[in-house]
Amino acid sequence: MALDKDIVVLLGGVGGAKLASGLAQILPGQRLTFVVNTGDDFWHLGLRICPDLDTVMYTLAGLVNPDLGWGLKGDSAVALETLNSFYGVDTWFRLGDKDLATHLQRSQLLRCGRSLTEATGRLSKSLGLDAALLPMSDEEIPTKIETLELGELGFQEYFVKHRWQPALKSIRHAGSEKSSLTTQVRSALMAADMVLIAPSNPWLSVAPILAVKGMRDLLTSLDVPVVAVTPIIGGAAVKGPTAKIMSELGQEVTAANIANFYTGIINGFVNDSQNEPLGCSELRSIQVNTLMKTEDDKKSLARATLDWVESWGA
């Protein structure tokens, strides 16, 4: 197994965090770099909220709410309930009382001139993480969703407030043309022995990372395995709107179409054993169980992926 390899993982929230957890349990943290989607980030109640970064951070720190897959276990929402009952504030976006500490500290660091990369590093180190946790960019690149019923919505309005029910027409990554790769992300990718794309939603979680100016060019220039893991199992998404979005964009809900989404970027694809084979002779693929219900499942998928990629050189 790749104990002596430097691995970079591109990922979003819950699904990506599960694979991140599996990798962190079998590899030295110093060998792992997680580049996380920040298209979901937004300012809310005066605080900078970074849902995917926090989900990955809490998961790796062993603090995540196991029932939800996000937020902190044992959290309450007294502050939000008070905002609503005392002052009539619409509290459609849930912020737990413990969780508020992270948002307060991050926002303070940003207001003191720290970059999001620096702030994330401080937070993750405080929680004992050995692996590097990096935002995809230090610039704000908010994901905007054009819907059939409600026009353009901010990501969290679409995803949380309206529970991703409006029909999606298109997606844009506002400000991506002015964005840039951070030194930390560029250095990690250039030093990587392997790049993995977690089973996160390709359109909502991975596309924002790929939209960062220079990211696609850098990925395609790498002479290392770049492998995506399917988020589609048996014609459905494990969680979230991946399948719904594919249908609304006129695509059949198949792993093959997920692989097609990454055409030109990946040279390997981890398919689920319940799916039809890709039928593409130009792309290496393997079929294994990708459903991660337990900690053993997470470790098993991580180990199977690493062992398979290492076998390429055999």
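A brief structural summary. The structure presented is a predicted model; accordingly, all values stated were derived computationally and were not measured. (Residues numbered from 1 in each chain as written. Predicted model: local features only at pLDDT ≥ 70, side-chain atom pairs only at ≥ 80, totals over all residues. Heavy atoms only, no water.)

### Things to note about the environment of Asn84
Cut-off, in case you're wondering: Labels follow the DSSP assignment, with helices taken as runs of H or I lasting at least four residues and strands as runs of E lasting at least two, numbered in each case from the N terminus. Should any heavy atoms of two residues lie within 4.5 Å, those residues are counted as being in contact.
In this structure, Asn84 sits in helix 3 (residues 78–87). When residues no more than four places from it in sequence are discounted, the contact partners of Asn84 are Val89 and Thr91.

### Considering the side chain of Ser107
Within the element layout of this structure, Ser107 appears in helix 4 (residues 99–111). If we ignore the near neighbours within four places in the chain, the residues touching Ser107 are Trp43, Gly46, Leu47 and Arg48.

### Quick look at the nonpolar core
Side chains of a nonpolar character, in soluble globular proteins, are inclined to be buried together. Condition: The definition of a nonpolar core used throughout is a set of buried Ala, Val, Leu, Ile, Met, Phe, Trp, Tyr and Cys residues joined through side-chain atoms within 4.5 Å. Relative accessibility under 20% of the residue-type maximum defines a buried residue, over 50% an exposed one, and the middle range a partly exposed one, all with a 1.4 Å probe and only protein chains included.
Core analysis: the largest hydrophobic core is formed by 45 residues, its most contacted members being Leu189, Val195, Met215, Leu219, Ile266 and Phe269. The residues touching Val195, leaving out its near neighbours within four places in the chain, are Val8, Leu10, Leu189, Leu219, Leu222, Val224, Pro225, Val226 and Val227. Judged by nonpolar contacts, the second largest core, of 38 residues, contains Val36, Met57, Leu116 and Trp312.

### A closer look at the side chain of Ser176
With respect to the element layout, Ser176 can be found in the loop between strand 8 (168–173) and helix 7 (183–191). Leave out the neighbours within four places in its chain, and Ser176 touches Ile141, Ala211 and Lys213.

### Observations concerning the packing of helix 1 (residues 14–26) against helix 12 (residues 295–310)
Selection criterion: Helix axes are fitted to C-alpha atoms over the stretch in contact, other axes to C-alpha atoms as well, and angles between N-to-C directions run from 0 to 180 degrees. Orientation categories follow fixed angle ranges, with anything under 35 degrees roughly parallel, anything over 145 roughly antiparallel, 65 to 115 roughly perpendicular, and all other angles oblique. We call Asp, Glu, Lys and Arg charged. Ala, Val, Leu, Ile, Met, Phe, Trp, Tyr, Cys and Pro are nonpolar, and the rest, Gly among them, are polar.
It is the contact of helix 1 with helix 12, at a shortest axis distance of 8 Å, that shows an interaxial angle of 75 degrees. Accordingly, the angle class assigned to the pair helix 1 and helix 12 is roughly perpendicular. Residues Lys18, Leu19, Ser21, Gly22, Leu23, Gln25 and Ile26 of helix 1 form the contact with helix 12, whose own contacting residues are Glu295, Lys298, Lys299, Leu301, Ala302, Arg303 and Leu306. Partitioned by chemical class, the residues of the contact of helix 1 with helix 12 number six nonpolar, three polar and five charged.

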